[in-house]
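# Topology and contacts: notes
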There are 2 protein chains.
Amino acid sequence: MTADLATLRDALPDGALVTDRDVVAGYRQDWAKDPTAGWPLAVVRATCTADVQATLRWASEFLVPVVPRGAGSGLSGGATAVDGGLVLTTERMREIAVDPVSRVAVVQPGLLNAEVKRAVAEHGLFYPPDPSSFELCSIGGNAATNAGGLCCVKYGVTSDYVLGMQVVLADGTALRLGGPRLKDVAGLSLTKLFVGSEGLLGVITELTLRLVPAPPPASTLVASFASIDAAADAVLAITSRLRPSMLELMDRTSINAVEDYTKMGLDRTAEALLIARSDAPGATAAEEIAIIEQACRDHGVDEVFCTDDQDEGEAFAAARRAAFPALQQLGSLLLEDVGVALPRLPELVRGIEQIARKYTTTIAVVAHAGDGNTHPLVVFDPADADATSHAYEAFGAVMDLALDLGGTITGEHGVGRLKKDWLPAYLGEDVMALSRRIKDALDPAGILNPGAVL
Amino acid sequence: MTADLATLRDALPDGALVTDRDVVAGYRQDWAKDPTAGWPLAVVRATCTADVQATLRWASEFLVPVVPRGAGSGLSGGATAVDGGLVLTTERMREIAVDPVSRVAVVQPGLLNAEVKRAVAEHGLFYPPDPSSFELCSIGGNAATNAGGLCCVKYGVTSDYVLGMQVVLADGTALRLGGPRLKDVAGLSLTKLFVGSEGLLGVITELTLRLVPAPPPASTLVASFASIDAAADAVLAITSRLRPSMLELMDRTSINAVEDYTKMGLDRTAEALLIARSDAPGATAAEEIAIIEQACRDHGVDEVFCTDDQDEGEAFAAARRAAFPALQQLGSLLLEDVGVALPRLPELVRGIEQIARKYTTTIAVVAHAGDGNTHPLVVFDPADADATSHAYEAFGAVMDLALDLGGTITGEHGVGRLKKDWLPAYLGEDVMALSRRIKDALDPAGILNPGAVL
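Treat the numbers as computed from the prediction; the structure is a model and nothing was measured.

Turning our attention to the pattern of salt bridges. One pass over the structure, following the stated rule, counts 34 salt bridges over all chains. Among the ionic pairs, B:Lys183 bridges to A:Asp371, the shortest N-O distance being 3.0 Å. With B:Lys183 in the loop between strand 9 (174-178) and helix 7 (190-194) and A:Asp371 in the loop between strand 17 (362-368) and strand 18 (373-380), the pair connects residues from two separate chains. Of the two residues examined, B:Lys183 and A:Asp371, each falls in the buried class. Between B:Arg350 and B:Asp229 there is a salt bridge; the shortest N-O distance is 3.1 Å. Of this pair, B:Arg350 sits in helix 13 (residues 345-358) while B:Asp229 sits in helix 8 (residues 228-239), and the two are 121 residues apart along the sequence. Judged by its relative accessible area of 27%, B:Asp229 is partly exposed. Within this structure, A:Lys183, B:Asp371 and B:Glu412 form a network of salt bridges that share partners.

A few words on the interface of chain B and chain A. Contact with chain B, which involves 82 residues of that partner, is made by 81 residues of chain A. Between chain B and chain A, the buried area comes to about 6300 Å², and carbon and sulfur atoms account for 61% of it. Taken together, the connections running from chain B to chain A amount to 30 residue pairs in polar contact (both at pLDDT 80 or more). For the side of chain B that touches chain A, the secondary-structure elements that each account for two or more residues are helix 6 (152-155), strand 9, helix 7, strand 11 (212-213), helix 8, helix 15 (423-427) and helix 16 (429-442) of chain B. If one sorts the elements of the side of chain B that touches chain A by residue count, helix 16 of chain B sits on top with eight residues. Each residue belonging to the side of chain B that touches chain A can be placed in one class, and the counts come to 40 nonpolar, 27 polar and 15 charged.

Feature annotation in UniProt places "domain: FAD-binding PCMH-type" (unreviewed entry) on residues 36-214 of chain A, given in this structure's numbering. Here residues 36-214 of chain A runs as 22% helix and 25% strand, with 43 Å between its end C-alpha atoms.

Our focus in this paragraph is the packing of helix 8 (residues 228-239) of chain A against helix 13 (residues 345-358) of chain A. All names here are of chain A. One can describe the packing of helix 8 onto helix 13 by two numbers: an axis separation of 9 Å at closest approach and a directional angle of 155 degrees. As judged from the angle between their axes, helix 8 and helix 13 are roughly antiparallel. Once helix 8 is placed against helix 13, the crossing between them reads as right-handed. Seen from helix 8, the contacting residues are Ile228, Asp229, Ala232, Asp233, Val235 and Leu236; seen from helix 13, they are Leu345, Pro346, Val349, Arg350 and Glu353. Residue composition of the contact of helix 8 with helix 13, by class: seven nonpolar, no polar and four charged.

Moving on to the relation of the copies chain B and chain A. The two copies are related by a screw operation: chain B maps onto chain A through 180 degrees of rotation and 0.0 Å of translation along the axis, at an RMSD of 0.0 Å. In the structure described here, the two chain copies are related by an operation that fits a two-fold rotation axis.

Scanning all chains against the criterion turns up three cavities of 30 Å³ or more. If you add up the space inside the largest cavity, you get close to 390 Å³. Lining the largest cavity are 26 residues; nearest its centre among them are A:Leu163, A:Asp184, A:Ser189, A:Thr191 and B:Asn146. Those elements that provide at least two residues to the lining of the largest cavity are strand 8 (162-168), strand 9 (174-178) and helix 7 (190-194) of chain A together with helix 15 of chain B. In terms of residue count, helix 7 of chain A provides more of the lining of the largest cavity than any other element does, three residues in total. Grouping the amino acids of the lining of the largest cavity by side-chain chemistry returns 12 nonpolar, seven polar and seven charged.

The rules we used
- Residues numbered from 1 in each chain as written.
- Chains lettered and ligands numbered in written order.
- Predicted model: local features only at pLDDT ≥ 70, side-chain atom pairs only at ≥ 80, totals over all residues.
- Heavy atoms only, no water.
- Salt bridge = Lys/Arg side-chain N within 4 Å of Asp/Glu carboxyl O.
- Helix = DSSP H or I, 4+ residues; strand = E, 2+ residues; numbered from the N terminus.
- Buried < 20%, exposed > 50% of the residue type's maximum accessible area, 1.4 Å probe, protein only.
- Contact = heavy atoms within 4.5 Å.
- Buried area = accessible area lost by both parts, 1.4 Å probe.
- Polar contact = N/O pair within 3.5 Å; in protein donor to acceptor, adjacent residues only side chain to side chain.
- Nonpolar A, V, L, I, M, F, W, Y, C, P; charged D, E, K, R; others polar.
- UniProt positions renumbered as here; feature names shortened; annotations may be inferred.
- Axes fitted to C-alpha atoms, helices over the stretch in contact; angles between N-to-C directions.
- Parallel < 35°, antiparallel > 145°, perpendicular 65-115°, else oblique.
- Left-handed = near helix turned anticlockwise from the far one by under 90°.
- Least-squares fit on C-alpha atoms with pLDDT ≥ 70 in both.
- 1 Å grid on protein atoms, 1.4 Å probe; cavity = no way out; pocket = protein on both sides within 12 Å on 5 of 7 lines; lining within 4 Å.
- Points joined across faces, edges and corners; volume = space filled by probe spheres on them.

Written as structure tokens, this is what we have:
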């Protein structure tokens, strides 16, 4: 049976099916810019759950691969188009309803993370997960990748905030899972299984999110260290005492790239910068900042600066978030996302330095230091074939190092296509086999995001 | 092939396989006291993961049903023995290692929840989930049922604290999932799938638990209301403003049963008692308690009492936890566990009153009011056949009511065997079918806890 796009077009609202090559081109890759991306038959811009169902029913009938896509800001190539397949984007599904009494929001997947935060803030509420790309990434993509962010050290990750969802299976069946209740143990934990499934098991068309009361304005501490080891030791000292609402680390390469980009006066000579925040209520924030300051002083900090000013504090957080665009000015980037148990953080940071030397490549390190999740960014000139191949070797060597340290190959970006080759080494064959059994049970024809993860 | 117990005995340490009928009798039922419980061939008291593997390999070979069991304190009959099967208890697996820097504990399933709390408290850390039975229930059972408790209104449920596990599948394969990292998105979210799977998918032999810094001592407020409607309205007013660390409700029947049992001076004339706590740091606790007090006054509270004294505060929390043993003095109990979105709580409470009248039975209500999870306790005389059948009818009617209100049939106890008949109505046929596909993928022979949940 040949896939007949006309029947799919008829099943969708006007304009939902796009085959214009120029438009389609914009949906072939996410931010990972996977050069192996294929050319899809078409892009479906779903407007509602029924559109997603119609698309998946059609795809199941004709065995056409479907690559689900949120805002396309993924960094592991999880939304990479497949030749002859469909790209199914939920970017047009953008409704939200906030219930301040139950403290939940029911949101459609196309809303950006920042839009969710703003909508719930109007009710004095807070949706914590905050990927650095929060102004550009979609809440549906956040759920599909179990996204993290800067505040996870205190508040946990996306999965901790998803109470329920509507999800469409490969065969077009729409399911409602969970709901606006903090406690619900009726049946298997299917909601959580779909969180982080990277488009392999179904397409999320609605989320019920848990919200928390808005915290008070945060206090901020910035500390520069002459040695990255000292900074890493300070991190351990801090996290063994308290749980800041942010605890980020930047190495010298990142500091200088960000300073070039923002001109905000960062200390270019520092080997590491820590940015810590406390949003504890009342006088506790000042107490926490004092403990953090003392931990920095105990580990040989060069300079430390504290502020309660919101704009100033936010500027430092923004500096950290700017590392990615700032480093892009230096060349192409391979974004790593390895994580280790906190006590192994100093070893990881030192090992990455050795890898950069070995492969004569630049690796800038920014890290969600408080939860052990680091983003080594391999910077290279894509016009230089040698440099490019060194960069990819270094990228792999960082994952190997994380595995040696008992860590994970991806803390919050997902496996996608870029990290697929390392997944068996991390999970082991038995867990891979179990994962495939679940994939096969939910998507027996394998039409959902083929080539990703497994 | 006939199951040959001798080969299983040989594969286990001395004393691990028990066939003595008097001992076996004690493992046939959990607290739900399911009268349909069967007589198992034997009880396996596993001492390590290898014992669990040996047991499941043997059971797979001979197609012998295996009922996994923690402390046997389940309230839905999830650990009910099957004729000719095995009961596999993890009660002897009791090791724990706490890592205060990573803020995780690696625990074996047989440790009691209270023992985990105590072990981590020695490091200034806190494991939040606190089922009322926390001094009697095991951490393995907590994970297998995704147990909740009193502090979930602020801290979330067991699933939010399980970062990793070792689990043995039906065929005896032991898997390691997740680990001591707050962020890990490498592969499907299998860890969370096993949490709350009620022994259907595998047997958990080790857990890696996320810990948080120990909160300061809590302040406590107790408020009595002449009308349960007023109390329910006060709950909504409180939860729309803040997130207390405990917000419990007791109705008049519960108050009087607990007062008979504890003689602590509760107001017997009140129609409802609210017990609220704040463990916010510094002066914030007093601010929160003041907000809670005002919300109670705004909704016609009769009497309100606040204390910072730890013993006094703990006595009120203990009074709430004593509802179950106190009500047991009045007869046999059917423990309900329905949950609704918070705005529906007043309707649920009023509807339960009507059900009690309709079936001329006593239903005491205690509720984790802050998260909408209520425990209507149907009290009956088991020697009276009419009363017993009325009680079971009322038990079902409460679940039907919860379903009508868009709620769940079980917030934290699990489906087990007692609530199985209501699960299809709650989940719907499509979600039931998906659940069965996952069950079949993981346990194709169906040896794990047959007759429970699905």
